[in-house]
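Working through the structure, step by step
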Amino acid sequence: MSASAKAVSAADWRADFPALHQSVHGQPLVYLDSAASAQQPAAVIDAVSRYQREDHANVHRGVHTLSHRATEAYEGARDKIRNFINAGSRAEIVLTSGTTEAINLVAQSFCRPRLQAGDKILITHLEHHANIVPWQLVCEQTGAELVVAPINDKGEVELSALLDLIDDKVFLIGIAHVANALGTVCPIEKVIEHARQRGIPVLVDGAQGVPHLNVDVQALGCDFYAFSGHKMFGPTGTGVLYGREELLESMPPWQGGGDMILEVSFDETIYNELPYKFEAGTPNISGVVGLGAAIDYLQAIGMANIASYEQDLHDYMVAELKKVDGIRLIGEARHKASAQSFLLDDIHSHDLGTILDQQGVAIRTGHHCAMPLMQYFGISGTSRASLAFYNNRDDVDRLIAALGKAKAIFG
Ligand code: PMP
(Lines give C-alpha, C1' and ligand atoms only; values in the text may rest on other atoms or scores of the structure.)
Protein backbone atom coordinates (compact mmCIF):
# COMPACT_ATOMS: atom_id res chain seq x y z
CA MET A 1 0.00 0.00 0.00
CA SER A 2 1.28 3.48 -0.83
CA ALA A 3 1.39 6.13 1.92
CA SER A 4 -1.54 8.05 0.43
CA ALA A 5 -3.64 4.90 -0.02
CA LYS A 6 -2.96 4.12 3.64
CA ALA A 7 -4.06 7.59 4.70
CA VAL A 8 -7.30 7.34 2.72
CA SER A 9 -8.17 3.95 4.14
CA ALA A 10 -7.36 4.98 7.71
CA ALA A 11 -9.73 7.95 7.42
CA ASP A 12 -12.43 5.66 6.01
CA TRP A 13 -11.97 3.15 8.81
CA ARG A 14 -12.22 5.84 11.45
CA ALA A 15 -15.45 7.12 9.92
CA ASP A 16 -17.00 3.70 10.57
CA PHE A 17 -16.75 4.08 14.37
CA PRO A 18 -19.50 6.33 15.78
CA ALA A 19 -18.00 6.58 19.28
CA LEU A 20 -14.84 8.17 17.91
CA HIS A 21 -16.78 11.17 16.64
CA GLN A 22 -17.49 12.97 19.87
CA SER A 23 -15.93 15.52 22.17
CA VAL A 24 -14.79 14.79 25.70
CA HIS A 25 -14.30 17.79 28.00
CA GLY A 26 -14.76 20.01 24.97
CA GLN A 27 -12.01 18.33 22.92
CA PRO A 28 -12.36 15.86 20.06
CA LEU A 29 -11.89 12.38 21.54
CA VAL A 30 -8.57 10.62 21.03
CA TYR A 31 -9.15 6.99 21.97
CA LEU A 32 -5.93 5.20 22.91
CA ASP A 33 -7.36 2.44 25.10
CA SER A 34 -8.26 -0.25 22.58
CA ALA A 35 -6.20 -2.87 24.43
CA ALA A 36 -8.73 -2.63 27.27
CA SER A 37 -11.75 -2.55 24.99
CA ALA A 38 -11.91 -1.59 21.34
CA GLN A 39 -14.64 0.59 19.87
CA GLN A 40 -17.26 -1.00 17.63
CA PRO A 41 -17.93 -0.09 14.00
CA ALA A 42 -21.48 0.82 12.93
CA ALA A 43 -21.63 -2.53 11.12
CA VAL A 44 -21.42 -4.34 14.48
CA ILE A 45 -23.82 -2.01 16.28
CA ASP A 46 -26.31 -2.33 13.40
CA ALA A 47 -26.02 -6.13 13.22
CA VAL A 48 -26.79 -6.43 16.94
CA SER A 49 -29.63 -3.94 16.69
CA ARG A 50 -31.16 -5.67 13.63
CA TYR A 51 -30.92 -9.03 15.37
CA GLN A 52 -32.61 -7.63 18.50
CA ARG A 53 -35.36 -5.93 16.51
CA GLU A 54 -36.14 -8.73 14.05
CA ASP A 55 -34.69 -12.12 14.89
CA HIS A 56 -34.33 -12.48 18.62
CA ALA A 57 -35.39 -15.81 20.13
CA ASN A 58 -33.59 -18.60 21.94
CA VAL A 59 -31.28 -20.76 19.85
CA HIS A 60 -31.17 -24.48 18.99
CA ARG A 61 -34.40 -25.76 20.51
CA GLY A 62 -37.14 -23.80 18.83
CA VAL A 63 -39.23 -24.93 15.88
CA HIS A 64 -40.53 -21.47 15.06
CA THR A 65 -39.13 -19.05 12.51
CA LEU A 66 -37.46 -16.59 14.87
CA SER A 67 -35.66 -19.38 16.70
CA HIS A 68 -34.43 -20.71 13.36
CA ARG A 69 -33.19 -17.26 12.38
CA ALA A 70 -31.47 -16.75 15.72
CA THR A 71 -29.83 -20.17 15.46
CA GLU A 72 -28.69 -19.47 11.92
CA ALA A 73 -27.18 -16.12 12.92
CA TYR A 74 -25.48 -17.57 16.00
CA GLU A 75 -24.09 -20.66 14.28
CA GLY A 76 -23.20 -18.57 11.23
CA ALA A 77 -20.99 -16.48 13.51
CA ARG A 78 -19.26 -19.65 14.70
CA ASP A 79 -18.46 -20.48 11.06
CA LYS A 80 -17.03 -17.00 10.56
CA ILE A 81 -14.82 -17.41 13.63
CA ARG A 82 -13.63 -20.80 12.38
CA ASN A 83 -12.71 -19.30 9.06
CA PHE A 84 -11.10 -16.20 10.64
CA ILE A 85 -8.57 -18.20 12.67
CA ASN A 86 -8.47 -21.10 10.20
CA ALA A 87 -9.53 -23.79 12.66
CA GLY A 88 -9.99 -27.21 11.10
CA SER A 89 -13.60 -27.62 12.17
CA ARG A 90 -16.47 -25.72 13.77
CA ALA A 91 -16.44 -28.30 16.57
CA GLU A 92 -13.20 -26.65 17.70
CA ILE A 93 -14.83 -23.25 18.29
CA VAL A 94 -16.24 -23.04 21.82
CA LEU A 95 -18.07 -19.78 22.45
CA THR A 96 -17.37 -18.29 25.88
CA SER A 97 -17.90 -14.99 27.67
CA GLY A 98 -14.29 -14.00 26.98
CA THR A 99 -10.64 -14.95 27.25
CA THR A 100 -10.93 -15.30 31.02
CA GLU A 101 -13.66 -17.92 30.81
CA ALA A 102 -11.85 -19.74 28.01
CA ILE A 103 -8.66 -20.10 30.07
CA ASN A 104 -10.57 -21.16 33.18
CA LEU A 105 -12.34 -23.78 31.08
CA VAL A 106 -9.01 -25.30 30.04
CA ALA A 107 -7.65 -25.14 33.60
CA GLN A 108 -10.68 -26.86 35.07
CA SER A 109 -11.70 -29.27 32.35
CA PHE A 110 -8.41 -30.18 30.70
CA CYS A 111 -5.94 -29.82 33.55
CA ARG A 112 -7.77 -30.46 36.79
CA PRO A 113 -8.73 -34.10 36.17
CA ARG A 114 -5.24 -34.99 34.92
CA LEU A 115 -2.80 -32.90 36.93
CA GLN A 116 -0.92 -34.65 39.70
CA ALA A 117 1.15 -33.34 42.57
CA GLY A 118 4.58 -32.46 41.22
CA ASP A 119 3.36 -31.66 37.70
CA LYS A 120 4.05 -28.17 36.41
CA ILE A 121 2.19 -25.46 34.53
CA LEU A 122 4.67 -23.19 32.79
CA ILE A 123 3.78 -19.54 32.08
CA THR A 124 5.81 -16.35 31.63
CA HIS A 125 6.42 -13.27 33.76
CA LEU A 126 4.48 -10.94 31.46
CA GLU A 127 1.08 -12.61 31.58
CA HIS A 128 -2.27 -10.98 32.29
CA HIS A 129 -3.90 -12.15 35.53
CA ALA A 130 -6.31 -14.17 33.37
CA ASN A 131 -3.36 -16.31 32.33
CA ILE A 132 -1.98 -16.60 35.87
CA VAL A 133 -4.77 -17.01 38.41
CA PRO A 134 -6.68 -19.88 36.73
CA TRP A 135 -3.42 -21.86 36.81
CA GLN A 136 -2.79 -20.94 40.45
CA LEU A 137 -6.27 -22.21 41.28
CA VAL A 138 -5.79 -25.53 39.53
CA CYS A 139 -2.33 -25.91 41.06
CA GLU A 140 -3.86 -25.40 44.52
CA GLN A 141 -6.53 -27.97 43.71
CA THR A 142 -4.10 -30.61 42.50
CA GLY A 143 -0.74 -29.99 44.18
CA ALA A 144 0.84 -29.03 40.86
CA GLU A 145 3.39 -26.23 40.66
CA LEU A 146 3.26 -22.95 38.72
CA VAL A 147 6.60 -22.23 37.05
CA VAL A 148 7.33 -18.79 35.59
CA ALA A 149 9.70 -18.19 32.68
CA PRO A 150 11.74 -14.98 33.05
CA ILE A 151 11.67 -11.82 30.97
CA ASN A 152 14.35 -9.21 30.34
CA ASP A 153 14.44 -5.45 30.90
CA LYS A 154 13.04 -4.80 27.44
CA GLY A 155 9.96 -6.77 28.41
CA GLU A 156 10.76 -9.75 26.19
CA VAL A 157 10.35 -13.38 27.18
CA GLU A 158 13.77 -14.98 27.62
CA LEU A 159 13.18 -17.76 25.12
CA SER A 160 16.19 -19.92 25.92
CA ALA A 161 15.43 -19.74 29.66
CA LEU A 162 11.83 -20.72 28.94
CA LEU A 163 12.95 -23.67 26.83
CA ASP A 164 15.35 -24.74 29.60
CA LEU A 165 12.41 -24.89 32.00
CA ILE A 166 10.60 -27.45 29.84
CA ASP A 167 11.01 -30.88 31.37
CA ASP A 168 8.96 -34.05 31.67
CA LYS A 169 6.95 -32.61 34.55
CA VAL A 170 5.57 -29.73 32.47
CA PHE A 171 1.95 -30.56 31.75
CA LEU A 172 0.93 -27.43 29.85
CA ILE A 173 2.44 -24.12 28.73
CA GLY A 174 0.36 -20.92 28.84
CA ILE A 175 1.73 -17.89 27.01
CA ALA A 176 0.40 -14.59 25.69
CA HIS A 177 0.52 -13.98 21.96
CA VAL A 178 0.89 -10.25 22.67
CA ALA A 179 1.43 -8.91 26.20
CA ASN A 180 -1.31 -6.46 27.07
CA ALA A 181 0.71 -4.17 29.35
CA LEU A 182 3.77 -3.88 27.11
CA GLY A 183 2.70 -4.79 23.59
CA THR A 184 5.45 -7.42 23.37
CA VAL A 185 4.84 -9.99 20.63
CA CYS A 186 5.93 -13.28 22.22
CA PRO A 187 7.84 -16.00 20.35
CA ILE A 188 4.89 -18.39 20.43
CA GLU A 189 5.89 -20.20 17.22
CA LYS A 190 9.19 -21.32 18.78
CA VAL A 191 7.56 -22.25 22.09
CA ILE A 192 4.91 -24.32 20.30
CA GLU A 193 7.51 -26.03 18.11
CA HIS A 194 9.56 -27.13 21.14
CA ALA A 195 6.52 -28.08 23.19
CA ARG A 196 5.15 -30.21 20.36
CA GLN A 197 8.40 -32.12 20.10
CA ARG A 198 7.87 -33.10 23.73
CA GLY A 199 4.12 -33.65 23.47
CA ILE A 200 3.30 -30.75 25.80
CA PRO A 201 0.08 -28.83 25.05
CA VAL A 202 0.29 -25.06 24.62
CA LEU A 203 -2.46 -22.55 25.38
CA VAL A 204 -2.02 -19.18 23.72
CA ASP A 205 -3.72 -16.20 25.36
CA GLY A 206 -4.65 -14.41 22.15
CA ALA A 207 -6.70 -11.56 23.65
CA GLN A 208 -4.22 -9.02 22.25
CA GLY A 209 -3.13 -11.10 19.27
CA VAL A 210 -6.32 -11.53 17.28
CA PRO A 211 -7.15 -7.79 16.98
CA HIS A 212 -3.76 -6.93 15.48
CA LEU A 213 -2.20 -9.94 13.77
CA ASN A 214 -3.26 -12.57 11.29
CA VAL A 215 -3.89 -15.72 13.35
CA ASP A 216 -3.91 -19.17 11.78
CA VAL A 217 -4.26 -21.75 14.53
CA GLN A 218 -3.41 -24.66 12.23
CA ALA A 219 -0.21 -23.01 11.02
CA LEU A 220 0.68 -22.13 14.63
CA GLY A 221 -0.02 -25.69 15.75
CA CYS A 222 -1.19 -24.58 19.19
CA ASP A 223 -3.57 -26.76 21.20
CA PHE A 224 -5.69 -23.97 22.64
CA TYR A 225 -6.09 -20.33 21.60
CA ALA A 226 -8.28 -18.00 23.69
CA PHE A 227 -9.58 -14.54 22.77
CA SER A 228 -12.25 -11.92 23.53
CA GLY A 229 -14.82 -10.30 21.23
CA HIS A 230 -14.65 -6.85 22.80
CA LYS A 231 -10.94 -6.42 21.99
CA MET A 232 -11.58 -7.19 18.32
CA PHE A 233 -14.28 -4.56 17.76
CA GLY A 234 -17.16 -6.82 18.80
CA PRO A 235 -19.48 -6.80 21.82
CA THR A 236 -18.45 -7.43 25.42
CA GLY A 237 -19.38 -10.77 26.98
CA THR A 238 -18.24 -12.76 23.95
CA GLY A 239 -15.13 -14.82 23.48
CA VAL A 240 -13.71 -17.95 21.98
CA LEU A 241 -11.81 -20.99 23.06
CA TYR A 242 -10.25 -22.70 20.07
CA GLY A 243 -9.20 -26.19 21.09
CA ARG A 244 -7.84 -29.08 19.04
CA GLU A 245 -10.77 -31.42 18.50
CA GLU A 246 -8.98 -34.45 19.88
CA LEU A 247 -8.28 -32.63 23.15
CA LEU A 248 -11.75 -31.10 23.47
CA GLU A 249 -13.23 -34.52 22.79
CA SER A 250 -11.24 -35.98 25.68
CA MET A 251 -12.33 -33.29 28.17
CA PRO A 252 -15.36 -33.53 30.48
CA PRO A 253 -17.92 -30.70 30.43
CA TRP A 254 -17.02 -27.76 32.61
CA GLN A 255 -20.48 -26.48 33.49
CA GLY A 256 -23.74 -28.42 33.45
CA GLY A 257 -27.14 -27.22 32.28
CA GLY A 258 -29.31 -26.87 29.21
CA ASP A 259 -27.89 -27.22 25.71
CA MET A 260 -24.79 -29.18 26.75
CA ILE A 261 -26.76 -32.44 26.96
CA LEU A 262 -28.32 -34.93 24.56
CA GLU A 263 -30.33 -36.79 27.15
CA VAL A 264 -30.88 -36.41 30.88
CA SER A 265 -32.34 -38.81 33.37
CA PHE A 266 -31.71 -39.06 37.10
CA ASP A 267 -29.58 -42.14 36.44
CA GLU A 268 -27.46 -40.88 33.61
CA THR A 269 -26.82 -37.82 31.47
CA ILE A 270 -25.45 -38.06 27.96
CA TYR A 271 -23.49 -35.00 26.95
CA ASN A 272 -23.94 -33.14 23.70
CA GLU A 273 -21.37 -33.27 20.91
CA LEU A 274 -18.67 -30.65 20.43
CA PRO A 275 -18.66 -27.74 20.79
CA TYR A 276 -22.04 -27.69 22.60
CA LYS A 277 -20.72 -29.91 25.39
CA PHE A 278 -18.94 -26.78 26.68
CA GLU A 279 -21.77 -24.30 26.15
CA ALA A 280 -24.23 -24.76 29.02
CA GLY A 281 -27.20 -22.42 29.22
CA THR A 282 -28.51 -19.70 26.93
CA PRO A 283 -25.53 -18.02 25.32
CA ASN A 284 -24.92 -14.35 24.52
CA ILE A 285 -26.71 -14.66 21.18
CA SER A 286 -26.81 -10.99 20.18
CA GLY A 287 -23.18 -10.55 21.24
CA VAL A 288 -22.05 -13.45 19.11
CA VAL A 289 -24.01 -12.09 16.15
CA GLY A 290 -22.10 -8.83 16.67
CA LEU A 291 -18.83 -10.73 16.86
CA GLY A 292 -19.63 -12.31 13.49
CA ALA A 293 -20.19 -8.82 12.07
CA ALA A 294 -16.88 -7.66 13.55
CA ILE A 295 -15.11 -10.50 11.77
CA ASP A 296 -16.78 -9.60 8.46
CA TYR A 297 -15.58 -6.05 9.00
CA LEU A 298 -11.99 -7.05 9.82
CA GLN A 299 -11.81 -9.44 6.89
CA ALA A 300 -13.03 -6.74 4.50
CA ILE A 301 -10.03 -4.59 5.52
CA GLY A 302 -7.66 -7.55 5.77
CA MET A 303 -5.56 -8.41 8.83
CA ALA A 304 -2.34 -7.96 6.85
CA ASN A 305 -3.35 -4.37 6.01
CA ILE A 306 -4.27 -3.74 9.62
CA ALA A 307 -0.98 -5.16 10.91
CA SER A 308 1.17 -3.11 8.54
CA TYR A 309 -0.77 0.13 9.13
CA GLU A 310 -0.58 -0.33 12.90
CA GLN A 311 3.11 -1.20 12.85
CA ASP A 312 3.86 2.05 11.10
CA LEU A 313 1.71 4.03 13.55
CA HIS A 314 3.20 2.23 16.55
CA ASP A 315 6.73 3.06 15.39
CA TYR A 316 5.70 6.70 14.98
CA MET A 317 4.17 6.78 18.47
CA VAL A 318 7.27 5.27 20.07
CA ALA A 319 9.57 7.68 18.21
CA GLU A 320 7.47 10.68 19.31
CA LEU A 321 7.23 9.47 22.92
CA LYS A 322 11.00 9.08 23.05
CA LYS A 323 11.37 12.79 22.26
CA VAL A 324 9.39 13.78 25.39
CA ASP A 325 11.69 15.04 28.12
CA GLY A 326 11.36 12.92 31.28
CA ILE A 327 9.70 9.93 29.60
CA ARG A 328 10.61 6.38 30.60
CA LEU A 329 9.34 3.74 28.22
CA ILE A 330 8.35 0.45 29.85
CA GLY A 331 8.54 -2.31 27.30
CA GLU A 332 10.96 -1.90 24.42
CA ALA A 333 10.79 -5.33 22.84
CA ARG A 334 12.00 -5.78 19.30
CA HIS A 335 8.63 -7.16 18.23
CA LYS A 336 5.72 -5.08 19.39
CA ALA A 337 2.07 -4.60 18.54
CA SER A 338 -0.28 -1.77 19.43
CA ALA A 339 0.57 -0.85 23.01
CA GLN A 340 3.27 1.28 24.63
CA SER A 341 3.60 1.75 28.40
CA PHE A 342 5.47 4.68 29.89
CA LEU A 343 6.11 6.81 32.96
CA LEU A 344 6.51 10.58 32.85
CA ASP A 345 8.81 12.25 35.38
CA ASP A 346 7.45 11.24 38.79
CA ILE A 347 3.82 11.95 37.91
CA HIS A 348 1.54 9.21 39.23
CA SER A 349 -0.02 7.40 36.30
CA HIS A 350 -3.58 7.98 37.55
CA ASP A 351 -2.91 11.74 37.76
CA LEU A 352 -1.44 11.68 34.28
CA GLY A 353 -4.43 9.75 32.93
CA THR A 354 -6.83 12.24 34.51
CA ILE A 355 -5.02 15.24 33.05
CA LEU A 356 -4.97 13.60 29.62
CA ASP A 357 -8.69 12.87 29.89
CA GLN A 358 -9.30 16.59 30.53
CA GLN A 359 -7.74 17.12 27.11
CA GLY A 360 -9.90 14.48 25.44
CA VAL A 361 -7.14 11.85 25.36
CA ALA A 362 -8.15 8.42 26.73
CA ILE A 363 -5.31 6.19 27.89
CA ARG A 364 -5.15 3.36 30.43
CA THR A 365 -3.33 3.73 33.74
CA GLY A 366 -2.48 1.33 36.53
CA HIS A 367 -1.22 -2.24 36.70
CA HIS A 368 -3.11 -3.46 33.60
CA CYS A 369 -4.00 -6.73 35.38
CA ALA A 370 -0.34 -7.66 35.24
CA MET A 371 0.87 -7.06 38.79
CA PRO A 372 3.79 -9.52 38.66
CA LEU A 373 5.04 -7.68 35.58
CA MET A 374 4.84 -4.36 37.43
CA GLN A 375 6.73 -5.99 40.32
CA TYR A 376 9.46 -6.99 37.86
CA PHE A 377 9.94 -3.36 36.85
CA GLY A 378 9.66 -2.21 40.49
CA ILE A 379 6.68 0.06 39.78
CA SER A 380 3.03 0.07 40.79
CA GLY A 381 1.70 0.89 37.36
CA THR A 382 2.21 2.65 34.05
CA SER A 383 0.39 4.82 31.58
CA ARG A 384 -0.42 2.85 28.46
CA ALA A 385 -1.42 4.10 25.03
CA SER A 386 -2.79 1.38 22.79
CA LEU A 387 -3.57 1.76 19.11
CA ALA A 388 -6.06 0.30 16.69
CA PHE A 389 -6.34 0.78 12.93
CA TYR A 390 -8.82 3.64 13.51
CA ASN A 391 -6.09 5.74 15.12
CA ASN A 392 -3.82 8.04 13.14
CA ARG A 393 -0.76 10.25 13.53
CA ASP A 394 -2.90 13.15 14.63
CA ASP A 395 -4.00 11.06 17.64
CA VAL A 396 -0.34 10.48 18.52
CA ASP A 397 0.41 14.19 18.16
CA ARG A 398 -2.52 14.99 20.47
CA LEU A 399 -1.13 12.50 23.02
CA ILE A 400 2.28 14.14 22.90
CA ALA A 401 0.80 17.65 23.24
CA ALA A 402 -1.29 16.48 26.21
CA LEU A 403 1.82 15.04 27.88
CA GLY A 404 3.50 18.43 27.40
CA LYS A 405 0.59 20.10 29.17
CA ALA A 406 0.76 17.57 32.03
CA LYS A 407 4.45 18.40 32.46
CA ALA A 408 3.65 22.09 32.57
CA ILE A 409 0.93 21.49 35.22
CA PHE A 410 3.22 19.39 37.41
CA GLY A 411 6.08 21.81 36.89
N1 PMP B 1 -5.37 -11.73 28.42
C2 PMP B 1 -4.93 -10.58 27.95
C3 PMP B 1 -3.57 -10.51 27.31
C4 PMP B 1 -5.74 -9.44 28.02
O5 PMP B 1 -5.30 -8.28 27.54
C6 PMP B 1 -7.02 -9.55 28.63
C7 PMP B 1 -7.91 -8.34 28.78
N8 PMP B 1 -7.25 -7.19 29.22
C9 PMP B 1 -7.43 -10.80 29.09
C10 PMP B 1 -6.59 -11.87 28.98
C11 PMP B 1 -8.78 -11.00 29.71
O12 PMP B 1 -9.78 -10.75 28.75
P13 PMP B 1 -11.30 -10.66 29.18
O14 PMP B 1 -11.37 -9.69 30.32
O15 PMP B 1 -11.98 -10.15 27.95
O16 PMP B 1 -11.74 -12.03 29.55
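As a convention, each chain's residues are numbered from 1 in the sequence order in which they are written. The predicted origin of the model limits local features to residues at a pLDDT of at least 70 and limits the giving and counting of side-chain atom pairs to 80 or more, whereas totals for whole chains, interfaces and linings rest on all residues. Only hydrogens and water are removed before side-chain values are computed, so all heavy atoms of the structure are retained for them.

**Quick word on the sheet that holds strand β17 (residues 382-386)**
Should DSSP find at least two bridges between two strands, the strands are taken to pair. Helix and strand definitions follow DSSP, with helices as H or I runs of at least four residues and strands as E runs of at least two, each counted in order from the N terminus. Read from one edge of the open sheet, four strands run β13-β14-β17-β16, paired in antiparallel fashion. The open sheet is flanked by β13 (327-330) and β16 (364-366), the only strands paired with a single partner. On average, each strand axis in the sheet is inclined to that of its neighbour by 30 degrees, with strand direction left out of account. Where β16 meets β17, three bridges bridge the pair, whose relative direction is antiparallel. From the neighbouring strand, Gly-366 faces β17, where its bridge partner is Thr-382. Note on contacts: a residue pair qualifies if any of its non-hydrogen atoms lie within 4.5 Å across the two residues. Only the contacting stretch of a helix is used when fitting its axis, a line to C-alpha atoms as for every element, and angles between N-to-C directions run 0 to 180 degrees. Its contacts with the sheet put helix α11 (residues 303-322) on β13, β14 (339-344) and β17, and the angle it makes with β14 is roughly 10 degrees.

**Overview of the pairing of strand β4 (residues 93-96)**
Across the two faces of β4 the burial is the same, with Ile-93 and Leu-95 and Val-94 and Thr-96 all buried. Of the strand pairs in this sheet, β4 and strand β10 (residues 239-243) are connected by four bridges, and their pairing is antiparallel. Residue pairing across strands places Thr-96 opposite Gly-239, the latter belonging to β10. Throughout this description, buried means an accessible area under 20% of the type-specific maximum (1.4 Å probe, protein chains only), exposed means over 50%, and partly exposed covers the range between.

**What about helix α10 (residues 285-301)?**
Expected span of a helix: the number of residues minus one, times 1.5 Å. Helix length check: α10 (17 residues) gives 25 Å between terminal C-alpha atoms against 24 Å at 1.5 Å per residue, within 8%. One or two residues past the end of α10 sits Gly-302, with phi positive at roughly 100 degrees.

**Topic: the sheet that holds strand β8 (residues 202-205)**
One open sheet holds the seven strands; their spatial order is β4-β10-β9-β8-β7-β5-β6, and the pairing between them is mixed. Edge positions in the sheet fall to β4 and β6 (145-149), since each of these pairs with one other strand and no more. When the angles between neighbouring strand axes are averaged without regard to direction, this sheet yields 20 degrees. For strand β9 (residues 224-228) and β10, the ladder comprises five bridges, and the chain directions are antiparallel. Bridged to Tyr-225 within β10 is Tyr-242. Contacts between helix α3 (residues 65-85) and the sheet are confined to β4, β9 and β10, with β4 contributing the most and set at about 120 degrees to the helix.

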